[in-house]
Amino acid sequence: MRRTAIRLRLAGALAAVLVAGGIATGPAAQAGEGYGKGYGKEPTLADLAQRHGRYFGSATDNPELVDAPYKALLGSEFDQITPGNGMKWYATEPQQGVFDFSKGDEIVNLARANRQKVRGHTLVWHSQLPGWLTGREWTAPELRAVLKKHVQAEVRHYRGKVFAWDVVNEAFNEDGTYRESVFYKTLGPGYIADALRWAHQADPRVKLYLNDYNIEGIGPKSDAYYKLAKELKAEGVPLHGIGLQAHLALQYGYPTTLEDNLRRFSRLGLDTSLTEVDVRMILPATEEKLAQQAQWYQDLTEACLAVRRCVGVTLWDYTDKYSWIPAFFPGQGAALPWDEQLRPKPAYFALREALGGK
């Protein structure tokens, strides 16, 4: 992996400014004032990624879209977006058989206006389920019918509007055993293949993924996905890719086998994506932590570029202003390449370096 002294010095200098609470200056600092495509004729992250045949995206969520500077940068710097919550089950089928796609539609319409592609997220997950689904017991035939209807209704609604779906999200525990969700406990592991088949029936052209966290490196959890993917491919189940969320934390170490892991899924004939990238740290942020974070962002991007079937990288939102980390991991944060004032951090310049930019 490349190391550039000039870039590291720049990152260190900017880190010092950020840690001191100052305000960065120059074009890169004007993120909230139109910095992005065309600003100073500098290529965006998306522009740079496209040179490698990849996309570079960000998640977003509906409440954030009233923030004009945030929305401008979202629309200019990235060529792909993922709805953080608007396509999840609780949002799309709040009452049984009553569908509401308004939040997802808002994201899709924004993407169309910005000529961005959309990743559908997510059809089947153990979390953020509506009360009508979790508040009662189901027989296997009942739940199977409910699951099929939900998957197919949503996939049909977004047919031709999304390029990929996270069909099943977080299906395994850390030790590689199946997560005992309502779907697993009622239907057994076959619910995963069923969901993939139903999604494919509803939209034969969309790419279908399994998606999870802590599967970046080779280990029990990623081994479970490798085994499952191999079995599904052998059975002719329509599975096209594996999404590695890449929610990383400095205190737990970098997944050094990431590139090898991406390659083994490629050998199964599968695409891979880094789907929910952030790199959190124990606060306060320091120059040293921000420099380490920047290196991790560079390393994971270079790992994706090194594997032909790793098709793109998506940040789990791009700014600390809207990061999910502080609410879920108290005392941690500063996880994204832009700070809360939409100023680029060392990680942003490291991403540009990884993608071959200046």
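No experiment lies behind these values; they were computed from the predicted model shown.

Moving on to helix α10 (residues 220-234). Residue pairs three or four apart in sequence face the same way in an α-helix, which turns once every 3.6 residues. The terminal C-alpha atoms of α10 lie 21 Å apart, and with 15 residues this matches the ideal 21 Å at 1.5 Å per residue to within 8%. Those residues of α10 lying buried are K221, S222, A224, Y225, L228, A229 and L232. All buried residues of α10 fall inside an arc of 150 degrees around its axis, so they share one side. Exposed and oriented more than 90 degrees from the buried face of α10 are P220, K227 and A234. Where α10 is buried, its residues touch α9 (190-202), β5 (207-212), β6 (241-244) and α11 (258-267). Looking at the residues trailing α10, positive phi occurs at G236, about 75 degrees.

To continue, consider the confidence of the model for the chain. Per-residue confidence for the chain gives a mean pLDDT of 91, with 89% of residues at or over 70. Within the model, the stretch residues 15-40 combines pLDDT values under 50 with 52 contacts to residues more than four positions away or in other chains.

As enumerated under the stated definition, the model contains 14 salt bridges in all. For D320, the salt bridge is made with K345, and the minimal N-O distance between the two is 2.7 Å. In this pair, D320 sits in the loop between β9 (310-315) and α13 (325-328) while K345 sits in the loop between β10 (332-333) and α14 (346-354), placing the two residues 25 residues apart along the sequence. By the burial criterion, D320 is buried, and K345 matches it.

Close contact between α10 and α11 brings their axes to 10 Å; oriented N to C, the two are set at 10 degrees. By the angle between their axes, α10 is roughly parallel relative to α11. Contacts between α10 and α11 involve S222, D223, Y225 and Y226 on the former and, on the latter, N261, R264 and F265. Per-class residue counts for the contact of α10 with α11 are three nonpolar, two polar and two charged.

A word on the layout of surface pockets. When its volume is computed, the largest pocket comes out at roughly 610 Å³. Lining the largest pocket are 27 residues, with K88, H247, W316, W324 and F328 positioned closest to its centre. Those elements giving two or more residues to the lining of the largest pocket turn out to be β1 (55-60) and β8 (271-282). The residue inventory of the lining of the largest pocket, partitioned by class, reads eight nonpolar, 11 polar and eight charged.

This part covers the packing of aromatic side chains. Each aromatic ring pair is characterised by the separation of its centres together with the angle its planes make. The final tally for this structure, using the stated rule, is 23 aromatic pairs. When the ring of Y254 is compared with that of W296, the centres are 5.5 Å apart and the planes differ by 65 degrees; the resulting orientation is edge-to-face. With Y254 in the loop between β7 (247-249) and α11 and W296 in helix α12 (residues 287-306), the pair connects residues that are 42 residues apart, well separated along the chain. Connected via pairs of aromatic rings, a cluster forms that spans F56, Y70, F78, Y318, Y322, W338, Y348 and F349. The residue whose ring lies beneath R136 is W138, and the NZ or CZ to ring-centre distance is 3.7 Å. In this structure, R264 packs its charged tip against the face of F265, placed 5.6 Å from the ring centre.

Glancing now at the nonpolar core. If you look at the biggest cluster of nonpolar residues, it comprises 93 residues, and the most contacted ones within it are W165 and L210. With eight residues, α9 is the single largest residue contributor to this core. Once residues lying within four places of it in the same chain are set aside, the contact partners of L210 are V168, I192, L196, Y225, L228, L232, L239, G241, I242 and G243.

This part is about the environment of D79. Among the structural elements, D79 can be located in the loop between α3 (68-77) and β2 (80-83). Separated by 22 residues in the primary sequence, D79 and G57 have C-alpha atoms spaced 5.7 Å apart. Not counting chain neighbours up to four residues away, the residues in contact with D79 comprise A46, Q50, R54, Y55, F56, Q116 and K117. A polar side-chain atom of D79 sits 2.8 Å from a polar atom in the side chain of Q50.

Attention shifts here to the side chain of H247. Structurally, the position occupied by H247 is in strand β7. Owing to a relative accessible area of 11%, H247 belongs among the buried residues under this scheme. Excluding residues within four positions of it along the chain, H247 makes contact with Y213, E216, E276, D278, R280, W316 and W324.

Calculation rules
- Residues numbered from 1 in each chain as written.
- Predicted model: local features only at pLDDT ≥ 70, side-chain atom pairs only at ≥ 80, totals over all residues.
- Heavy atoms only, no water.
- Helix = DSSP H or I, 4+ residues; strand = E, 2+ residues; numbered from the N terminus.
- Expected span 1.5 Å × (residues − 1).
- Buried < 20%, exposed > 50% of the residue type's maximum accessible area, 1.4 Å probe, protein only.
- Arc of directions from axis to C-beta.
- Contact = heavy atoms within 4.5 Å.
- pLDDT = per-residue confidence, 0-100.
- Salt bridge = Lys/Arg side-chain N within 4 Å of Asp/Glu carboxyl O.
- Axes fitted to C-alpha atoms, helices over the stretch in contact; angles between N-to-C directions.
- Parallel < 35°, antiparallel > 145°, perpendicular 65-115°, else oblique.
- Nonpolar A, V, L, I, M, F, W, Y, C, P; charged D, E, K, R; others polar.
- 1 Å grid on protein atoms, 1.4 Å probe; cavity = no way out; pocket = protein on both sides within 12 Å on 5 of 7 lines; lining within 4 Å.
- Points joined across faces, edges and corners; volume = space filled by probe spheres on them.
- Phe/Tyr/Trp six-rings, centres within 6.5 Å; stacked < 30°, edge-to-face > 60°.
- Lys NZ or Arg CZ within 6 Å of the ring centre and 35° of its normal.
- Core = buried A, V, L, I, M, F, W, Y, C linked by side-chain atoms within 4.5 Å.
- Polar contact = N/O pair within 3.5 Å; in protein donor to acceptor, adjacent residues only side chain to side chain.

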